[in-house]
Amino acid sequence: MLLQASSLVEHVAPEPTCCTRCSARIIEAGDRERRRLERDLHDGAQQRLVSLQLSLQMLRRDLGPDADPAAVAELEAASAEAAAAIADIRELARGVHPAILTESGLGAALGSLADRAPLPVVVTDELDRRLPGSVEATAYFVAAEALTNAIKHSGASRIDLRTWLADDQLHLDVSDDGRGGADTMNGTGLTGIQDRVAALGGTVRLESRDGQGTRLEVALPCASP
Ligand SMILES: Nc1ncnc2c1ncn2[C@@H]1O[C@H](COP(=O)(O)OP(=O)(O)OP(=O)(O)O)[C@@H](O)[C@H]1O
Ligand SMILES: [Mg+2]
């Protein structure tokens, strides 16, 4: 059911049906594939570039102090290119599936999102245990999109990001003190959030009245396995 009243949107998930379970399986398969891609990028292309960069540095050392300045400049430029490519791959892998999410969990991954934001993001993480991978990944990508939106559209001076567990549900709130006016009809990010959350049988509530900031509340079922 999708309720829409001015800029208040509530998506309430129905009882799990065959379709909800199929969607959840598709989301889980997608998340597994993203984790595999992240590992492949890390262990494959990134490692090869790191080796290339080391070889270039050794070559530079072998040339010694009397080397042709033009050759040295070429080598240093190649080394800088390799470093930039490594940074690009690292960033790409983080977008595909952040390693910190798998290794250290949702709280740490949200903290790293906050650290990279260009405005103050206050994270209050009250989770005391790891959650199923699909729940952590969904919450992470929801938070990432909501943060991106707040940074891009809201003009906010502060964003608050809060997670906690209650009644076998993960709750995630992202709120900003910006201009409000978020509208699911104007892009793909907010509808993407609704789809991802619905696939896990969760609920989304978006409150974004003009001039009163934006608050996104997500609840995801996450009963212990
Ligand atoms: N936190 C926010 N504050 C103010 N306006 C917002 C906020 N979040 C979203 N909006 C508005 O709602 C619209 C829809 O957001 P949505 O995330 O769906 O699309 P988008 O960010 O424009 O593009 P994308 O498809 O890349 O996400 C935005 O274009 C923006 O006008
Ligand atoms: Mg968006």
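Residues numbered from 1 in each chain as written. Chains lettered and ligands numbered in written order. Predicted model: local features only at pLDDT ≥ 70, side-chain atom pairs only at ≥ 80, totals over all residues. Heavy atoms only, no water.

1. Let's talk about the site of ligand 1
Step number 1: Neighbouring residues of ligand 1: 16 residues in total, closest Glu145, Asn149, His153, Thr188 and Leu190.
Step number 2: Within the side chain of Lys152, a nitrogen or oxygen atom sits 3.4 Å from an oxygen atom of ligand 1.
Step number 3: Thr188 places a side-chain nitrogen or oxygen 2.5 Å from an oxygen atom of ligand 1.
Step number 4: Calculation on ligand 1 without its partners gives an accessible area of 590 Å², and the protein chains cover 80% of this total.
Step number 5: Looking at the shell around ligand 1, the elements that each hand over two or more residues are α5 (133-154) and α6 (189-199). (Near = heavy atom within 4 Å. Polar contact = N/O pair within 3.5 Å; in protein donor to acceptor, adjacent residues only side chain to side chain. Areas by Shrake-Rupley, 256 points an atom, 1.4 Å probe, with all protein chains shown as cover. Helix = DSSP H or I, 4+ residues; strand = E, 2+ residues; numbered from the N terminus.)

2. Structural notes on the coordination of the magnesium ion (ligand 2)
Step number 1: The coordination sphere of the magnesium ion (ligand 2), as far as protein atoms go, consists of Glu145 (OE) and Asn149 (OD1), spread over 2.0 to 2.1 Å. Taken together, the residues Glu145 and Asn149, both in helix α5 and four residues apart, mark about one turn of the helix.
Step number 2: The exposure class of Glu145 is partly exposed, given its relative accessible area of 22%.
Step number 3: The exposure class of Asn149 is buried, given its relative accessible area of 15%. (Donors = N, O, S within 2.8 Å, 3.2 Å for Na, K, Ca; no water. Buried < 20%, exposed > 50% of the residue type's maximum accessible area, 1.4 Å probe, protein only.)

3. Some details on the packing of helix α4 (residues 106-116) against α5
Step number 1: The interhelical angle for the contact between α4 and α5, taken along N-to-C directions, is 15°, at an axis separation of 10 Å. With respect to α5, the axis of α4 lies roughly parallel. Judged by the sense of rotation from one axis to the other, the crossing of α4 with α5 is right-handed. Along its contact with α4, which presents Leu106, Ala109, Leu110, Leu113 and Arg116, the element α5 presents Glu136, Ala139, Tyr140, Ala143, Ala144 and Leu147.
Step number 2: Each residue belonging to the contact of α4 with α5 can be placed in one class, and the counts come to nine nonpolar, no polar and two charged. (Axes fitted to C-alpha atoms, helices over the stretch in contact; angles between N-to-C directions. Parallel < 35°, antiparallel > 145°, perpendicular 65-115°, else oblique. Left-handed = near helix turned anticlockwise from the far one by under 90°. Contact = heavy atoms within 4.5 Å. Nonpolar A, V, L, I, M, F, W, Y, C, P; charged D, E, K, R; others polar.)

4. Some remarks on helix α2 (residues 69-96)
Step number 1: Here α2 spans 40 Å end to end across 28 residues, near enough to the 40 Å set by a 1.5 Å rise per residue.
Step number 2: Near the N-terminus of α2, the side chain that reaches the backbone nitrogen of Ala70, with its oxygen 3.0 Å away, is that of Asp68. (Expected span 1.5 Å × (residues − 1).)

5. Observations concerning the domain arrangement of the chain
Step number 1: Under the domain assignment, the chain is made up of domain 1 (8-32 + 105-221) and domain 2 (34-96).
Step number 2: Across the boundary between the two partners, domain 1 contributes eight residues, which contact seven residues of domain 2.
Step number 3: When the area that domain 1 buries against domain 2 is broken down by residue, the three leading residues are Arg32, Arg116 and Phe141, summing to 58%.
Step number 4: For the pair domain 1 and domain 2, the number of links is zero salt bridges.
Step number 5: Among the secondary structure elements, those contributing two or more residues to the side of domain 1 that touches domain 2 are α1 (18-63) and α5.
Step number 6: Counted by class, the side of domain 1 that touches domain 2 contains two nonpolar, two polar and four charged residues. (Domains from an automatic or database assignment. Buried area = accessible area lost by both parts, 1.4 Å probe. Salt bridge = Lys/Arg side-chain N within 4 Å of Asp/Glu carboxyl O.)

6. Section: the pairing of strand β4 (residues 159-166)
Step number 1: Here strand β3 (residues 121-125) pairs with β4 via five bridges, running parallel. Counterpart to Val122 in the pairing with β4 is Asp160.
Step number 2: On the question of chirality, the crossover connecting β3 to the parallel β4 by way of α5 is left-handed.
Step number 3: Pairing of β4 with strand β5 (residues 169-176) involves eight bridges; the strand directions are antiparallel. Note on β5: the bridge partner recorded for Ile159 is Asp176.
Step number 4: Between β4 and β5, which pair antiparallel in sequence order, lie two residues; one of them, Asp167, sits at a positive phi of approximately 50°. (Pairing = 2+ DSSP bridges. Right-handed = clockwise from strand over helix to strand, strands pointing away.)

7. Looking at the packing of aromatic side chains
The geometry of an aromatic ring pair comes down to the distance between the two centres and the angle between the two planes.
Step number 1: This model, assessed by the stated rule, comprises one aromatic pair.
Step number 2: In this structure, Arg34 packs its charged tip against the face of Phe141, placed 4.2 Å from the ring centre.
Step number 3: A cation over an aromatic ring shows up here: Arg162 above the ring of Trp164, its NZ or CZ 4.0 Å from the ring centre. (Phe/Tyr/Trp six-rings, centres within 6.5 Å; stacked < 30°, edge-to-face > 60°. Lys NZ or Arg CZ within 6 Å of the ring centre and 35° of its normal.)

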